[in-house]
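# Working through the structure, step by step
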Amino acid sequence: MRRRRRILLGTLAALLVLAGGGIIGIATYGRSLDGNLARTDAFAGLPESARPTQTVTGAMNVLLLGSDSRDPDKTADSRTDTIMLMHLDADHQKAEVISIPRDTWVFVPRSADGRHGNTMAKINSAYAWGGTPLTVQTVESFTGVHVDHVALVDFAGFAQVVDALGGVDLTIEKTITSIHAPHRTFQKGTRHLDGAAALDYVRQRYQFADGDFSRERHQREFLQALLDRAAGIGTLSNPVKLNAFLQAVTRSVTVDEDFDLVNVALELRDLRSDDLTFLGSPSAGTGMKSGQSVVLPDTTTAKALYRAVADDTVQDYLATTASPAPTSTAAPLH
């Protein structure tokens, strides 16, 4: 099953080559899917001179954000539940996804309207204060990594994707009751969940000792379970099912104005799940700042990891780091 899991866009490209009539089929079908994607000016007001430099030709960094609203301009009182930085190596043989806890205590630059920011805060405050552009600026300031593209996922839309697949199987760590209505009880063990229930479970954190780290872990498990389900019921080998699946996915995603679905799909076409490494942004645990419980970054370790991302040497970095460590460090999390 692990060999059947593919990064979503890589799956799209590989199967379109077989079922869509080659490059012309990819372009035609890909453009139709591209039209489903909502667009946002993710880099509005960010001068290139003030941003980190992209120094490695062929490498690509994509900021993945999860939100409860597909409209990135409606950010009042909203937060991003998920912040991930995906790095595609220049040879396109490996990719790494680094989860940044939403409560990570960082410097948030001043917002475009001048009303917010220029202060230390939780990293997800950037989205509430200045939408996607301020989030990009904050992540770049924190990591020193140039962001090439942005993808904002609508969680509610992904619940519909799950339902289109007939649900997913998730391993529940322990029996818990959701803090959100209708306050579902999730029994420990492998459970088959519909979209609403799966989304509810991956939002939980207060019931787990490692809080936000557990939510990150469950989000990764959810994405893998989603791809497993798609492969397991024949979606990836059935053009009709694949089309329905990809139509639902692309209608749940907002991307930057320069994002080209076909080009990105072609760049990712050779990746398999075994080529994808999940990491946690290095942290020094939790603490209190300004009366809030926050995640404290391990600045020394984080600097080394993100330097490796900027230099496209993450695999070398991983090969030379210490033995596997907890989720809060930069150890691989397959």
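Notes on the structure follow. Please read these numbers as outputs of a predicted model, since none were measured by experiment.

## A word on the layout of surface pockets
In this structure, the largest pocket encloses a volume near 200 Å³. Lining the largest pocket are 14 residues, and of these Asp103, Arg205, Gly211, Asp212 and Ser293 sit closest to its centre. Elements represented by at least two residues in the lining of the largest pocket include exactly helix H6 (212-232) and strand S15 (292-297). Here the lining of the largest pocket gets three residues from one element, more than from any other, and that element is S15. Counted by class, the lining of the largest pocket contains six nonpolar, three polar and five charged residues.

## Focus on empty space enclosed by the protein
To find the voids left in a structure, one rolls a probe of water-molecule size over its atoms. Within the structure shown, the criterion is met by four cavities of 30 Å³ or more. Roughly 60 Å³ of internal volume is contained in the second largest cavity. Around the second largest cavity sit Asp81, Thr82, Ile83, Met84, Ser99, Ile100, Pro101, Arg102, Asp212, Arg215, Glu216 and Gln219, which together line it. Those elements that place two or more of their residues in the lining of the second largest cavity are strand S3 (82-88) and H6.

## Considerations on the environment of Gly35
Within the secondary structure, Gly35 sits in the loop between helix H2 (22-34) and strand S1 (38-40). Between the alpha carbons of Gly35 and Arg251 there is a distance of 9.0 Å; along the sequence they are 216 residues apart.

## Some details on the environment of Asn61
Counting through the fold element by element, Asn61 comes out in strand S2 (residues 60-67). By relative accessible area, Asn61 is classed as buried at 2%. The spatial distance from the C-alpha of Asn61 to the C-alpha of Val97 is 9.6 Å, given a sequence separation of 36 residues. With near-sequence residues (within four places) excluded, Asn61 lies in contact with Gln54, Leu85, Met86, His87, Val145, His146, Val147, Asp148, His149 and Val309. Among the polar contacts made by the side chain of Asn61, one reaches the main-chain carbonyl oxygen of His146 at a distance of 2.9 Å.

About the thresholds
Residues numbered from 1 in each chain as written. Predicted model: local features only at pLDDT ≥ 70, side-chain atom pairs only at ≥ 80, totals over all residues. Heavy atoms only, no water. 1 Å grid on protein atoms, 1.4 Å probe; cavity = no way out; pocket = protein on both sides within 12 Å on 5 of 7 lines; lining within 4 Å. Points joined across faces, edges and corners; volume = space filled by probe spheres on them. Helix = DSSP H or I, 4+ residues; strand = E, 2+ residues; numbered from the N terminus. Nonpolar A, V, L, I, M, F, W, Y, C, P; charged D, E, K, R; others polar. Buried < 20%, exposed > 50% of the residue type's maximum accessible area, 1.4 Å probe, protein only. Contact = heavy atoms within 4.5 Å. Polar contact = N/O pair within 3.5 Å; in protein donor to acceptor, adjacent residues only side chain to side chain.

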